[in-house]
Amino acid sequence: MQTTEPAPRVVVGVDGSPASYEALRWAVRHARTVGAVVEAVHAWETPSSVGWAGPVIEPDFDAEQARRLFADALSTAFPGGRPAELRERLIEGDPSEVLIRASEGAELLVVGHRGRGGFARAMLGSVSQRCAQHAPCPVVVVRHRQDSGS
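What comes next is a walk through the structure. (Residues numbered from 1 in each chain as written. Predicted model: local features only at pLDDT ≥ 70, side-chain atom pairs only at ≥ 80, totals over all residues. Heavy atoms only, no water.)

1. A closer look at the sheet that holds strand 3 (residues 86–92)
Strand order in the open sheet formed by 5 strands is 3-2-1-4-5, with parallel pairing between adjacent strands. Across the chains shown, the open sheet's two edge strands, defined by having one partner strand only, are strand 3 and strand 5 (139–142). Strand-to-strand twist of the sheet, defined as the mean angle between neighbouring strand axes without regard to direction, takes the value 25°. Pairing of strand 1 (residues 9–13) with strand 2 (residues 37–44), which is carried by 5 bridges, proceeds in the parallel orientation. Within strand 2, the position partnered with Val12 by the bridge is Ala40. Against the sheet, helix 1 (residues 18–34) contacts strand 1, strand 2, strand 3, strand 4 (108–112) and strand 5, and its axis sits at roughly 150° relative to strand 4. Contacts between helix 3 (residues 95–102) and the sheet are confined to strand 1, strand 2, strand 3 and strand 4, with strand 2 contributing the most and set at about 155° to the helix. (Pairing = 2+ DSSP bridges. Helix = DSSP H or I, 4+ residues; strand = E, 2+ residues; numbered from the N terminus. Axes fitted to C-alpha atoms, helices over the stretch in contact; angles between N-to-C directions. Contact = heavy atoms within 4.5 Å.)

Without other data, these values stay purely geometric and don't point to any function.
What follows is the structure in structure tokens.
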């Protein structure tokens, strides 16, 4: 009997931090055990859209930087090649809001414990905390394991 239902989705936030690499690898391992696809989401913000000084001179510059950071993060997380069940989404916007929206209809949202947020974001609450409080699905927060040599 064939089913027409799509595979379950596991959404994972990727920001280029070591914790996000671990979250991504954890999400892929989990997805393999439940037959899900992994939707890796990288959110980016244009500096002027979040109140930084100075105008954006070339609108495509920030998007291109985000694409490169996302590609580098995926290559770092999976140096032997990206898993077949991995889907990539690059979305402009506040990371927590983007992840919360992306997790609608997902089986699970996976985020790293410590990302690349700055002081302003720490004052407003971390992405992982906001996702845990507001995501429409269960949330797994993966901590980065510090190796004794790092």
